[in-house]
Amino acid sequence: MSNAMDMAMAPPPETAAANNHSRHYLMMHMTFFWGGNAEILFSGWPGNNNIGMYIFALFVVFLIAFFVECLSHTNYIKESTNHVAAGLIQTALYGVRIGLAYLVMLAVMSFNGGIFLAAIAGHTLGFLVFGSGIFKKSPLTAYAKASDLPSMPLTLQSFCE
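Residues numbered from 1 in each chain as written. Predicted model: local features only at pLDDT ≥ 70, side-chain atom pairs only at ≥ 80, totals over all residues. Heavy atoms only, no water.

*Asks:* Any chance you could break down the nonpolar core for me, citing the residues and the numbers?
*Replies:* Counting residues in hydrophobic clusters, the biggest one holds 18 residues, and the most contacted among them are I40, V61, V104 and I115. Listing elements by their share of this core, those giving two or more residues are α3 (51-73), α4 (83-108) and α5 (113-131). Here this core takes six residues from α3, the largest share from any one element. Excluding residues that lie within four positions of it along the chain, V104 makes contacts with V61, I64, A65, A119 and H123. (Core = buried A, V, L, I, M, F, W, Y, C linked by side-chain atoms within 4.5 Å. Buried < 20%, exposed > 50% of the residue type's maximum accessible area, 1.4 Å probe, protein only. Helix = DSSP H or I, 4+ residues; strand = E, 2+ residues; numbered from the N terminus. Contact = heavy atoms within 4.5 Å.)

See below:
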């Protein structure tokens, strides 16, 4: 049976000659599947038929998604901070947050149903803890969005000072 998918998945001729004893081709899933036989983020991780490492991978994806929400909804910059330092801190935190968000996205692109649910659960619990205001003491600030943006206004005049 020869079709375009088989031809696209075939290794180059020099690799095929070297691996003549093995006709096993790796195929990437293009639909959601369930089970621990997944490759997530790194080659060979969490491994085949290793339920312990698969559970660890679920936990890692959950924690990364939770931490992304923590960085998204927590204000680490005080009002008295120098605006240049505040801008550098804000930029560094933004880079870390986006990098981690892309890692979660790449993990979900493994199309493993468990990884997808772990990412959703991490983002959801992270939002509940850091973004929803349910754990804030003051009812006036319970629904105010805290963010990693400095609370000072950024205008052209403040840059020139």
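*Asks:* How would you explain the packing of aromatic side chains if you had to name every residue and give the values?
*Replies:* For the structure shown, the criterion picks out two aromatic pairs. Measuring from centroid to centroid gives 6.4 Å for F62 and F66, while their planes differ by 20 degrees, and the two rings are stacked. Taken together, the residues F62 and F66, both in helix α3 and four residues apart, mark about one turn of the helix. Owing to a relative accessible area of 21%, F62 belongs among the partly exposed residues under this scheme. Taken together through their ring pairs, the aromatic side chains of F62, F66 and F130 make up a single cluster. (Phe/Tyr/Trp six-rings, centres within 6.5 Å; stacked < 30°, edge-to-face > 60°.)

*Asks:* Explain the packing of α4 against α5 residue by residue, including any values.
*Replies:* Contact geometry of α4 with α5 gives a least axis separation of 8 Å together with a crossing angle of 150 degrees. The orientation of α4 with respect to α5, classified from their angle, is roughly antiparallel. Taken as a pair, α4 and α5 cross one another with a handedness that is left-handed. Touching V104, A107 and V108 of α4 are I115, F116, A119 and H123, all from α5. (Axes fitted to C-alpha atoms, helices over the stretch in contact; angles between N-to-C directions. Parallel < 35°, antiparallel > 145°, perpendicular 65-115°, else oblique. Left-handed = near helix turned anticlockwise from the far one by under 90°.)

As far as function goes, none of this settles anything; it's purely spatial.
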